[in-house]
Amino acid sequence: MAEPLLELRNLTTVFPMRRGAVNAVSGVNLRVQPGEILGIVGESGCGKSSVLLSILRLIRQPGHIAAGNIFFKGRDLRRLPQKKMRAIRGNEISMIFQDPLSTLNPVFPVGEQIREAMRLHGIANASPLPWPLAGRRSHEKQRVLDVMAEVGIPAPEARYRAYPHEFSGGMQQRALIAIALVCEPTLLLADEPTTALDVTIQAQIMEVMRRVNREHGAGIILVTHNLGLAAEFCDNIAVMYAGRIVERGPAQQVVDNPQHPYTRGLLACLPQISRQRSRIDPIPGEVPDLAGLPPGCAFIPRCSLARDACNSVDLRLRSLQANQYARCILYEDGVRYTVEEFS
Ligand SMILES: Nc1ncnc2c1ncn2[C@@H]1O[C@H](COP(=O)(O)OP(=O)(O)OP(=O)(O)O)[C@@H](O)[C@H]1O
Ligand code: SF4
Ligand SMILES: [Mg+2]
């Protein structure tokens, strides 16, 4: 198998708070191959954004990465000096942040901000851009207009000088995507890039990202709470609960044949996938506070299959079938299945 574009080994990220240490990411192991689209799925507060921010070393202090490695093209990003890390951010790895307004600068026109991103990463004069967003003309501004058009910002010439507050939420999101894509990243981290958008625009944005993936070969991590969207868009899915990966595998396989009770719960919330059913069954209860979690499975209070042993066992991801893994007492007999952790 080719060297992974990204490999997380035992990634552990903690926010020390007065009420105790919040274990936002606990021992996460993940791989993204070049050109792969990986979906990270889970409810609010499960640690999805913290994984992405950890990859870019953007966890706000006093939060910090407490353990693990982040190998990107074979280099451990945790060990890189700040200067080199800055060069990787936005250049080789770029991120579409969950909150558009926190990324766009309110006092600069949107077009200028896209142009600035291009300049910052030293690609303003490269010609032609080797990917679908590329305009054929070498002029810097023309490239920005091309990118704006490509991500679906109508009348880019007229909007080049518009300020972020003059854009709708959907347009702001497109501007963010343009900023993230203009640097030709080899890895794109997309944190709920379409959640705030209506369905039609959602589909257009996903199509832009799909094209970038197909034609440029960029790897993508798509963070979403929507398992249906992840199933449609991603090659592989990792389901996250309470800071841990509880199931991962090929997208279609996980959706067709979910093994973890939490994944099954997420699927039951999707009327479009369980078509025979008209009812949506929300998972009872809510994601626990990740500060001072008791040992054992964090899903116990919400799981109809919970039993005494779930309290005490240190659960690991177990290999079930063709690249599908789950972390649950149901798969802990240690005989039928072999342990698979990255080593
Ligand atoms: N800066 C922070 N300071 C303190 N705790 C934080 C911080 N950022 C995240 N957390 C905590 O870490 C846990 C995981 O949060 P994270 O934002 O990664 O979840 P998420 O899956 O992205 O949720 P959402 O779907 O709501 O964006 C939560 O318990 C959250 O409260
Ligand atoms: S370990 Fe127990 S509580 Fe956790 S998901 Fe499996 S059966 Fe449910
Ligand atoms: Mg988030």
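Residues numbered from 1 in each chain as written. Chains lettered and ligands numbered in written order. Predicted model: local features only at pLDDT ≥ 70, side-chain atom pairs only at ≥ 80, totals over all residues. Heavy atoms only, no water.

### Looking at the overall build of the protein chain
Scanning the protein chain from terminus to terminus reveals 11 helices and 12 strands. Within the protein chain, buried positions represent 53% of all 343 residues. In the protein chain, 62% of the contacts between residues at least 6 apart in sequence involve partners at least 24 apart. Accessible area for the protein chain stands at about 15800 Å²; split by element, carbon and sulfur atoms hold 51% of it. (Helix = DSSP H or I, 4+ residues; strand = E, 2+ residues; numbered from the N terminus. Buried < 20%, exposed > 50% of the residue type's maximum accessible area, 1.4 Å probe, protein only. Contact = heavy atoms within 4.5 Å. Areas by Shrake-Rupley, 256 points an atom, 1.4 Å probe, with all protein chains shown as cover.)

### Quick word on the coordination of the magnesium ion (ligand 3)
Coordination sphere of the magnesium ion (ligand 3), protein contribution only: Ser 49 (OG) and Gln 98 (OE1), at 1.9 to 2.4 Å. Pair noted here: Ser 49 is in helix α1 (residues 48-55) and Gln 98 is in the loop between β6 (93-96) and α3 (100-103), with a separation of 49 residues, a long-range link. Accessibility expressed as a relative area gives 43% for Gln 98, which makes it partly exposed. (Donors = N, O, S within 2.8 Å, 3.2 Å for Na, K, Ca; no water.)

### Remarks on the packing of aromatic side chains
In the structure shown here, the tally under the stated rule is 3 aromatic pairs. Consider the rings of Tyr 241 and Phe 299, whose centres lie 5.1 Å apart with planes at 80°: the pair is edge-to-face. With Tyr 241 in strand β9 (residues 236-241) and Phe 299 in the loop between α11 (261-268) and β11 (318-321), this pair connects stretches of sequence that are 58 residues apart. Of the two residues, Tyr 241 and Phe 299, both sit in the buried class. Plain terms: the ring middles of Tyr 262 and Phe 299 are 5.3 Å apart, the flat faces sit at 70° to each other, and that makes the pair edge-to-face. (Phe/Tyr/Trp six-rings, centres within 6.5 Å; stacked < 30°, edge-to-face > 60°.)

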